[in-house]
Amino acid sequence: MTCWYEGPLAAFDTETTGVDVETDRIVSAALVVQDAPGTRPRVTRWLVNPGVPVPAAATEVHGLTEEHLQRNGRWPAPVMYEVAQALAEQAAVGRPVVVMNAPFDLTLLDRELRRHRASSLNRWFERSPLLVLDPRVLDKHLDRYRKSRRTLADLCAQYEVELEEAHDAAADAVAALEVTRAVGRRFASRLERLSPGELHTLQAVWHAAQARGLQAWFARTGTEEIVDPAWPLRPDLPAAA
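One structure accompanies this document, and this report is about it. Model, not experiment: these values are computed from the prediction.

Describing the nonpolar core
Grouped together as the largest cluster of nonpolar side chains are 57 residues, with contacts concentrated most on Phe12, Leu106 and Leu109. A per-element tally of this core places helix H3 (residues 76-92) first, with eight residues. The residues touching phenylalanine 12, leaving out its near neighbours within four places in the chain, are Ala29, Ala30, Leu31, Val83, Leu87, Val97, Val98, Val99, Asp105, Leu106, Leu109 and Ala173. Counting five residues, the second-largest nonpolar core is a separate cluster that includes Val27, Ala58, Leu64 and Leu69.

Section: the packing of H3 against helix H4 (residues 102-117)
Between H3 and H4, the least distance of the axes is 9 Å, while the angle of their chain directions is 135°. Regarding the angle of H3 to H4, the classification is oblique. In the packing of H3 onto H4, the handedness of the crossing is left-handed. Contact residues: H3 offers Pro76, Ala77, Pro78, Met80, Tyr81, Val83, Ala84 and Leu87, while H4 offers Leu109, Glu112, Leu113, His116 and Arg117. Each residue belonging to the contact of H3 with H4 can be placed in one class, and the counts come to 10 nonpolar, one polar and two charged.

So, the packing of helix H5 (residues 135-142) against helix H9 (residues 196-221)
Viewed as axis vectors pointing N to C, H5 and H9 meet at an angle of 70°, and their least axial separation amounts to 10 Å. Viewed along their axes, H5 and H9 adopt a mutual orientation that is roughly perpendicular. For the pair H5 and H9, the sense of crossing is left-handed. When H5 is examined against H9, the residues Val137, Leu138, Lys140 and His141 are found in contact with a partner set consisting of Leu199, Gln203, Trp206, His207 and Gln210. A per-class count over the contact of H5 with H9 returns four nonpolar, four polar and one charged.

Section: H4
Across its 16 residues, H4 extends 21 Å between first and last C-alpha, which sits within 8% of the 22 Å expected from 1.5 Å per residue. Within H4, 12 of the 16 residues are buried, leaving the element largely enclosed by the surrounding structure. Considering only its buried residues, H4 is in contact with strand E1 (9-16), strand E2 (26-34), H3, strand E5 (132-133) and H9. Alanine 118 lies just past H4 and shows a positive phi near 50°.

Thresholds, definitions, all that
- Residues numbered from 1 in each chain as written.
- Predicted model: local features only at pLDDT ≥ 70, side-chain atom pairs only at ≥ 80, totals over all residues.
- Heavy atoms only, no water.
- Core = buried A, V, L, I, M, F, W, Y, C linked by side-chain atoms within 4.5 Å.
- Buried < 20%, exposed > 50% of the residue type's maximum accessible area, 1.4 Å probe, protein only.
- Helix = DSSP H or I, 4+ residues; strand = E, 2+ residues; numbered from the N terminus.
- Contact = heavy atoms within 4.5 Å.
- Axes fitted to C-alpha atoms, helices over the stretch in contact; angles between N-to-C directions.
- Parallel < 35°, antiparallel > 145°, perpendicular 65-115°, else oblique.
- Left-handed = near helix turned anticlockwise from the far one by under 90°.
- Nonpolar A, V, L, I, M, F, W, Y, C, P; charged D, E, K, R; others polar.
- Expected span 1.5 Å × (residues − 1).

As structure tokens, then:
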């Protein structure tokens, strides 16, 4: 039987106005679907006019200016519906979805759905659960003693995956997908017998442990930052923007 990392995978990524999942907005998103390793992926892209100012710092990262988004982007409400529907379609056929640092992208999408659709991301997966593969969580658990950063660019370098046009949602999604396949192959002896569903459950446990470790390190260094242990989606806050 084909191992999950040699089978069909999808990948999802967003570009945003900032890094606060409660207040920032999605400006672009992409879903990549690949039926098998080495095959040409099918790419769906969305460009969003967020309806709020786009900080210069965000534009420096992804290159999307407020003017460009106002001229070419679509209103958020229909886009968020389409994105959630596209992810739900992956869940319905049991295709795992790679999301690098899943609690960021999926929580942002959830907040956008609440903001613009009076809905939530979980409602889309009541019939079929979304199976998430997070290369950051996988790599950090499987190679925990490696002293290096774990950004997408760092993981691409570690696993010899080419990253073209970094911070383009589609390019980042393709790279994250290839990194995830590479992680599977490198640690095949520990992963090949696990189903995507089992791995999804384990990643929630692994991420929580990683969060506790980082929180303890923050405490020792006097850093006041709070690390959320929830994965792949952070719980909603009573006063989300």
